[in-house]
Amino acid sequence: MARLHRLILPAVAALAIAACGGSDQSKSSNAISPAAAPDAKKVDEATAGSISGKVAVEGTLPQNAPIQMSSDPACEAASKGTPAAQETYVASDGGLQNVFVYIKDGLGNKHLFDTPTEPVKLEQKGCHYVPHVLGVRVGQPLQVVNDDKTMHNVHGSPSSNRDFNFSQPVPMASTVTFTTKEVMIPFKCNVHSWMHAYVGALDHPYFAVTGSGGKFDLRTVPPGTYTVEAWHEKLGTQTQTVTLGEKDTKEITFTFKAAAAATQ
């Protein structure tokens, strides 16, 4: 019986890992676009321009909600005695971070874009999702990694893509691939209620997440007129229309008002 257990347990563990980590992965390096026209072409970099700028914030943002990690000693130890808080509002130099900025409309179906095969990584560190906001291409693997010394549960709730919900013992990496564009896809952990992340899945490469100072940069954009949207998890969305000529560079600013947080 003991010998039978030694044979069965590794097989069961392997099946569990496959169930958690298994998902469809795109390995294509060909130029693809889901709704491309028959005469669609790659963007001519010689005539392409860029759209850059800043997401500003006016007023005093609310304090981020504190996190109580005492329910999991591994999480509490990972916080190293520093009071933990949510990542909802992060600002520096008058700019708002963790804002997803992307071309929402205007590209049409006349362009072809290579689908990256290199995975985008979403890590679980110190019982937080890192990064808090990120973007990935449709068909590009999203690798979700558990770096903590405790079990996590990865629960995605898309509205256009397929739902997923799997546990991750330590250490472990699982892969998720989105099949249609969607902004944004919320992630949470059913084990640690404070853990949240947001993922934008797009069928083109023109997206960015604001960093220090709220800055963003969209490069190699073909000439055209576009709707650019800025998304924040609590403050909502704003859009601007941008017309870009050949080799043109445009700078735009989105301004969110902190007072709007009071209505959330």
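Everything numeric here is computed off the predicted structure, so don't read it as measured data. (Residues numbered from 1 in each chain as written. Predicted model: local features only at pLDDT ≥ 70, side-chain atom pairs only at ≥ 80, totals over all residues. Heavy atoms only, no water.)

Draft legend 1. Molecular detail of the sheet that holds strand β16 (residues 172-176). One open sheet accounts for four strands, arranged β11-β10-β13-β16; its pairing is mixed. Two strands close off the open sheet at either side, each with one partner strand: β11 (128-130) and β16. The average angle at which neighbouring strand axes cross in this sheet is 20°, direction not considered. Across five bridges, strand β10 (residues 120-125) lies against strand β13 (residues 142-146) in parallel orientation. Within the sheet, the bridge partner assigned to lysine 121 lies in β13 and is glutamine 143. (Pairing = 2+ DSSP bridges. Helix = DSSP H or I, 4+ residues; strand = E, 2+ residues; numbered from the N terminus. Axes fitted to C-alpha atoms, helices over the stretch in contact; angles between N-to-C directions.)

Draft legend 2. The pairing of β16, seen in detail. Within β16, four of the five residues are buried, which leaves it mostly tucked inside the rest of the structure. Inspection of the sheet shows β13 paired to β16 by five bridges, in the antiparallel sense. Paired with leucine 142 across the bridge in β16 is valine 176. (Buried < 20%, exposed > 50% of the residue type's maximum accessible area, 1.4 Å probe, protein only.)

Draft legend 3. Spatial organisation of the side chain of glutamate 87. Structurally, glutamate 87 can be placed in the loop between β5 (84-85) and β6 (91-92). Nearest to the buried, unbridged glutamate 87 among oppositely charged side chains is lysine 234, at 12 Å. At a separation of 2.6 Å, a polar atom in the side chain of glutamate 87 contacts the side chain of histidine 128. Those residues in contact with glutamate 87, other than ones at most four positions away along the chain, are Asn64, Asn98, His128, Tyr129, His132 and Glu233. (Lys, Arg positive; Asp, Glu negative; His and termini not counted. Salt bridge = Lys/Arg side-chain N within 4 Å of Asp/Glu carboxyl O. Polar contact = N/O pair within 3.5 Å; in protein donor to acceptor, adjacent residues only side chain to side chain. Contact = heavy atoms within 4.5 Å.)

Draft legend 4. The arrangement of the side chain of glutamine 124 in detail. In this fold, glutamine 124 is placed in strand β10. For glutamine 124, a relative accessible area of 0% gives the class buried. Apart from residues lying up to four places away in sequence, glutamine 124 is in contact with Tyr129, Val144, Val145, Asn146, Asp147, Asp148, His152, Val154, Gln168 and Met195.

Draft legend 5. The arrangement of the sheet that holds strand β14 (residues 152-156) in detail. Sheet architecture is open: five strands sit in the order β12-β18-β17-β14-β15, paired in mixed fashion. Either end of the sheet is taken by a strand with one partner, and the two such strands are β12 (133-137) and β15 (164-168). Averaged over all adjacent pairs, the angle separating strand axes in this sheet is 25°, with direction ignored. In the sheet, β12 pairs with strand β18 (residues 196-202) via five bridges, with the strands oriented parallel. Bridge pairing in β18 links glycine 135 to glycine 200.

Structural measurements only, silent on function.
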